[in-house]
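Close look at the chain arrangement
Chain residues, written in single-letter form:
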Amino acid sequence: MANKKTTLRIDNEELHESSGFLSAQVFWCQSCRVPIITSPEQINGVNGKSVCPLCHSTTTFLSTDLRPVFPEERLLLELLLAHNQPLKYSECSVWALDSRYYIDGKMKSIPSKTFRTEDCDVLSALIKESEKNNKSKKVQACFDDFKNKFIAANKNRLNALISEAHAFIKKEAANYPEENIVLSFSGGKDSSVTADIVTKALGNPSLVHIFGNTTLEFPQTVEYAKRFKKNHPFAIFETSINEDQNFMDVCEDIGPPARIMRWCCSMFKTGPITRVLNSLYRNQQILTFYGIRRAESASRSKYNRVESGKESVKIQKQTVASPIIDWKDIDIWLYLLAENVDFNDAYRLGYDRVGCWCCPNNNQRAQFLSRIYMPENSKKWRDFLIRFAKRIGKPDPEEYVDSGAWKARQGGNGLAAADDVKIKFTNCTAEDHAKNYRLVRPFDDELVNMFVPFGTINRELGRKLLHEVLVLDVRTNVPIISLQPFTVDGFEHAVKIRTMNVADHDDLQRKIAYQIRKFNGCRKCLKCESVCKAGAISITAEGYHIDEKKCVHCKMCVNQSVLAMGCLMGKYLKTKEVR
Ligand code: SF4
Ligand code: SF4
Ligand code: SF4
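Residue positions are counted from 1 within each chain, in the order its sequence is given. Lettering for chains starts from A, numbering for ligands starts from 1, and both go in the order in which the items are written. Two thresholds apply to this predicted model, a pLDDT of at least 70 for residue-level local features and 80 or more for giving and counting side-chain atom pairs, whereas whole-chain, interface and lining totals are computed over all residues. The side-chain values count all of the structure's non-hydrogen atoms but skip hydrogen atoms and water molecules.

Here we take up the overall build of the chain. Tallying secondary structure elements over the chain gives 20 helices and 22 strands in all. Principal-axis analysis of the C-alpha atoms gives the chain an extent of 90 × 55 × 50 Å. Looking at the chain as a whole, 54% of its 579 residues qualify as buried. Within the chain, contacts between residues at least 6 apart in sequence are counted, and of these 68% link residues at least 24 apart. Here the open area of atoms and residues is found with the Shrake-Rupley method and a 1.4 Å probe, where only the protein chains shown may cover a residue. As displayed, the chain has an accessible area near 26400 Å², and 50% of this comes from carbon and sulfur atoms. Secondary structure elements are taken from DSSP: a helix is a run of H or I of four residues or more, a strand is a run of E of two residues or more, and numbering for both begins at the N terminus. Partly exposed residues are those whose accessible area sits between 20% and 50% of the maximum for their type, while under 20% is buried and over 50% is exposed, using a 1.4 Å probe and protein chains only. Residue contacts follow a heavy-atom distance rule, with two residues in contact if any of their heavy atoms lie within 4.5 Å.

Put into structure tokens, the structure is as follows:
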């Protein structure tokens, strides 16, 4: 008899807030051999068991979350766990969480050292040998059988998820014209679900999709994006890409990205996306639906479902809404498989996330997969990392790279570029509130333009013989900053900067130092473009430019809490002596 408690609540807001719904776990039906996503109210408190909605057998706890293992990944598993017996598990129901595999409900783990010690060239050759048999109709039919049972057994949950997400999407979208609604499309599974569910909820196939191509995408991601565009002919599909920078050249200059120094996210992802949004929407506010999920990381666990104007919103003109914020991995897969949504083929190989192939956030398992499926890129990247490790004086470069220690790198130790972001100055002995700042290149118009956020640039009122430029307060027209090319012992180039007619000279000089850091150290990461809501900042091959007509003097670009140290490079290239 069906257990009364198996009925999921589908009253939307209440359902979303219900901790039971969010903290569902994965149980196993040994009779159907599929996972059952089970919320706490479906669990019998006495014996901690639940009931399969399909066959009504008792189910038992399996895992906190799960993903399906597709035949391609299963083959690799058979080589690693079943001592090279291809197809051994082809009639089994195989699921996974990270490196823990559940084969017909029995757990087997791949020890992490396997990912470092296995010969990936040999594995790659063995996989190629067995690929044909693995693609047979019989193998596919077995996989489809379990897939269909999984969908049927969890259809109540799927309906509840869809119903709740649709209500949320409609409610948020009601505040915006549909042309100001954007779908962020990364090519990952969460963005596939989000694109599909938002399009269906709003019944509008013509929404704007923005694919942020970081240039470091898996080949499968690029293929998938092409396929998506072709299969959604009514969607407005824009690709953002930074073609002005070469990832490897920047790595040579400022070092590879590390877990807390992900400069490439701004340079290759949010920066180019901001540019596309600026060209489409100028100053209009937009609503972007993202596939962000709290389960993805500790920082994301603190996100609100709707965010606007906070630091977590990396592109300032948008309100971000996340319809699937509390979905589990297994919910994502339930949706994709049940709704027959096309997805990135990298997941079939066993990747559980598909960001950039060389991302410092990738785990050892992902790196291992890349050595098998992207051997040339992996080798090139490892060679670069070893060269880099030698350059910055690591005693055992190979161990530094292979142990993953490079991902924990902090600051700019050992890099020449680190000197550019150090603020060096002397206090002027002749004038109050004046400092002589070191410049890494001569005083020029680009430096003067850096002072637009503080007020109106005036070249007429300053002392001509000294080439002095003044910055006037925008409201009172009173001079607040004087800039003057200067000569200082020990600095090849310098500028004297005096503040006047202000209450807090130290605060203004601190912000001025941020602009000096930008002038000296900008690596064109595009963060400043993303920070400026007015679209006044543009960073091109010619340099950094602030449009005086567009700048509204909000000072966000010199705000420590928005842009620490005034420039991302300050943080990324910091060394002990930095001020
Ligand atoms: S490599 Fe990682 S940190 Fe860099 S852009 Fe890609 S996802 Fe972001
Ligand atoms: S962030 Fe504000 S102060 Fe800075 S350039 Fe943009 S509008 Fe001007
Ligand atoms: S000044 Fe710094 S933060 Fe701004 S774009 Fe340049 S490198 Fe990025």
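So that's the structure; there's more coming.
Each cavity reported here is a set of points on a 1 Å grid over the protein atoms alone in which a 1.4 Å probe fits but cannot get out, each pocket an open set with protein on both sides within 12 Å along at least five of seven lines, and each lining residue one with an atom within 4 Å of a point. Grid points are joined across faces, edges and corners, and a volume is the space filled by probe spheres set on the points. This model, assessed by the stated rule, comprises seven cavities of 30 Å³ or more. Volume-wise, the largest cavity comes out at about 150 Å³. Along its surface, the largest cavity is lined by 16 residues, and Val-69, Cys-92, Val-94, Phe-143 and Phe-146 are the ones closest to its centre. Considering every element that reaches the lining of the largest cavity, the biggest residue donor is helix H6 (residues 137-153), with five residues. The residue classification treats Ala, Val, Leu, Ile, Met, Phe, Trp, Tyr, Cys and Pro as nonpolar and Asp, Glu, Lys and Arg as charged. All others, Gly included, are polar. Partitioned by chemical class, the residues of the lining of the largest cavity number twelve nonpolar, two polar and two charged.

With that settled, consider the nonpolar core. Here, nonpolar core means buried Ala, Val, Leu, Ile, Met, Phe, Trp, Tyr and Cys residues that are tied together by side-chain atoms lying within 4.5 Å of each other. Residues Trp-263, Phe-289, Phe-451 and Ile-481 are the most contacted members of the largest nonpolar core, which totals 150 residues. Apart from the residues within four sequence positions on either side, Phe-289 is in contact with Phe-168, Ile-169, Glu-172, Ala-173, Ile-181, Val-182, Leu-183, Ser-184, Thr-194, Val-198, Ala-321 and Pro-323. Residues Val-182, Val-208, Ile-210 and Tyr-281 belong to the second largest nonpolar core, which totals eight residues.

In the sheet, strand E18 (residues 469-472) pairs with strand E19 (residues 479-488) via four bridges, with the strands oriented antiparallel. Bridge assignment links Val-469 to a residue of E19, and that residue is Leu-483. For two strands to be treated as a pair, DSSP must find no fewer than two bridges joining them. In textbook terms, the turn of a hairpin is the stretch between consecutive antiparallel strands, and for E18 and E19 this stretch comprises six residues, one of which, Asn-477, has a positive phi near 65°. Relative to strand E20 (residues 491-499), E19 runs antiparallel, the two sharing seven bridges. By the bridge assignment, Phe-486 is partnered in E20 with Ala-494. The antiparallel pairing of E19 with E20 creates a hairpin that spans two residues between the two strands, and Gly-490 there sits at a positive phi of about 95°.

On to the site of ligand 3, then. Lining the immediate environment of ligand 3, one finds 13 residues, of which Cys-522, Cys-525, Cys-528, Cys-567 and Leu-568 sit closest. If you list the elements that add at least two residues to the shell around ligand 3, you get helix H19 (527-531) and helix H20 (568-572). Across the shell around ligand 3, the residue classes tally to nine nonpolar, no polar and four charged. Near is defined per residue: the residue qualifies when any heavy atom it owns lies within 4 Å of the molecule or strand.

Before going further, it helps to examine the domain arrangement of the chain. Interface size is often expressed as the accessible area that is lost when the parts come together. Per the annotation, domain bounds derive from an automatic or database assignment of domains. Here the domain parsing of the chain yields domain 1 (21-142), domain 2 (146-344), domain 3 (364-409) and domain 4 (417-573). The straight-line distance from the C-alpha centre of domain 1 to that of domain 2 is 27 Å. Taken together, the contact pairs 24 residues of domain 1 with 18 residues of domain 2. As used here, buried area is the combined drop in accessible area, with a 1.4 Å probe, of two parts when they are placed together. Buried surface at the junction of domain 1 and domain 2, both sides included, amounts to about 1900 Å², of which 71% is carbon and sulfur. Should a side-chain nitrogen of Lys or Arg be within 4 Å of a carboxyl oxygen of Asp or Glu, the pair is scored as a salt bridge. Connecting domain 1 to domain 2 are zero salt bridges. Here a polar contact means two N or O atoms within 3.5 Å. Within protein one must be a hydrogen donor candidate and the other an acceptor candidate, and residues neighboring in sequence count only if both atoms are side-chain atoms. Viewed at the interface, domain 2 and domain 1 are joined by eight residue pairs in polar contact (both at pLDDT 80 or more).

Our next topic: the packing of aromatic side chains. Each aromatic ring pair is characterised by the separation of its centres together with the angle its planes make. We call Phe, Tyr and Trp rings a pair once their centres come within 6.5 Å, taking the six-membered ring for Trp, and we label the pair stacked below 30 degrees between planes, edge-to-face above 60, and tilted otherwise. In this structure the tally under the stated criterion is 26 aromatic pairs. Ring centres 6.0 Å apart and planes at 65° place the aromatic pair Phe-185 and Phe-211 in the edge-to-face group. Here the residue Phe-185 occupies a position in strand E9 (residues 181-185), and Phe-211 occupies one in strand E10 (residues 208-212), the gap between them amounting to 26 residues. Here Phe-185 falls in the buried class, since its relative accessible area comes to 1%.

With respect to topology, six strands assemble into an open sheet ordered E15-E16-E20-E19-E18-E17, the strand pairing being antiparallel. In this open sheet, the two edge strands, each paired with only one partner strand, are strand E15 (425-427) and strand E17 (456-458). Across the sheet, the mean angle separating the axes of adjacent strands is 25° when strand polarity is ignored. In the sheet, E15 pairs with strand E16 (residues 434-439) via three bridges, with the strands oriented antiparallel. Within E16, the position partnered with Thr-426 by the bridge is Asn-436. Inter-axis angles, ranging from 0 to 180 degrees, are taken between N-to-C directions of lines fitted to C-alpha atoms, where helices are fitted over the stretch in contact.

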